[in-house]
Amino acid sequence: FCKLFYRNRSVLYLHAHTFCENLKATVELPNSIRFKIGTGFSDAERLSPPQVGSTVTFKYYGVYKSGIPKFPSFLRIRRNFSF
């Protein structure tokens, strides 16, 4: 059994460090839906997070009825890309 996942790009809206240096990044899709990504970041990315306004790629496992991606996970920073 292989679990299917999707990839998408979004713009980093803001980021905040929570308890124990966990990074929670709020991202915004082109359709103005905002959600948080808290997993997938390396230790180096947690210490020096992507800049606000940068485009990031994330993976997810479907979407809720509201359009928010299920279980989003950070993959990489997209360079030289804009919506």
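How each quantity is defined
- Residues numbered from 1 in each chain as written.
- Predicted model: local features only at pLDDT ≥ 70, side-chain atom pairs only at ≥ 80, totals over all residues.
- Heavy atoms only, no water.
- Patch = residues over 30% accessible without salt bridge, like charges linked within 9 Å, V, L, I, M, F, W, Y side chains within 5 Å.
- Areas by Shrake-Rupley, 256 points an atom, 1.4 Å probe, with all protein chains shown as cover.
- Salt bridge = Lys/Arg side-chain N within 4 Å of Asp/Glu carboxyl O.
- Helix = DSSP H or I, 4+ residues; strand = E, 2+ residues; numbered from the N terminus.
- Buried < 20%, exposed > 50% of the residue type's maximum accessible area, 1.4 Å probe, protein only.
- Contact = heavy atoms within 4.5 Å.
- Core = buried A, V, L, I, M, F, W, Y, C linked by side-chain atoms within 4.5 Å.

1. A word on a nonpolar patch on the surface
Argument step 1. Judged by side-chain polarity, Tyr13, Leu14 and Val52 come together as a nonpolar surface patch covering roughly 250 Å² of accessible area.
Argument step 2. Within the secondary structure, Tyr13 sits in strand 1 (residues 6-17).

2. Points about the environment of Pro50
Argument step 1. If you trace the backbone, Pro50 turns up in the loop between helix 1 (43-47) and strand 4 (55-60).
Argument step 2. Along the sequence, Pro50 and Arg76 sit 26 residues apart, while their C-alpha atoms lie 9.5 Å from each other.

3. Looking at the environment of Arg7
Argument step 1. For Arg7, the position within the fold is in strand 1.
Argument step 2. According to the relative accessible area criterion, Arg7 is exposed, its value standing at 57%.
Argument step 3. Excluding residues within four positions of it along the chain, Arg7 makes contact with Phe58, Lys59, Tyr60, Leu75 and Arg76.

4. Looking at the nonpolar core
Argument step 1. Val27, Leu29, Phe35, Ile37, Phe41, Phe58 and Phe74 are the most contacted members of the largest nonpolar core, which has 13 residues in total.
Argument step 2. Among the elements of the structure, strand 2 (23-28), strand 3 (34-37) and strand 4 are those that each provide at least two residues to this core.
Argument step 3. Contact partners of Phe74, with chain neighbours within four places excluded, come to Ile37, Thr39, Gly40, Phe41, Glu45, Pro50, Val56, Thr57 and Phe58.

Function cannot be inferred from these measures alone, as they are strictly geometric.
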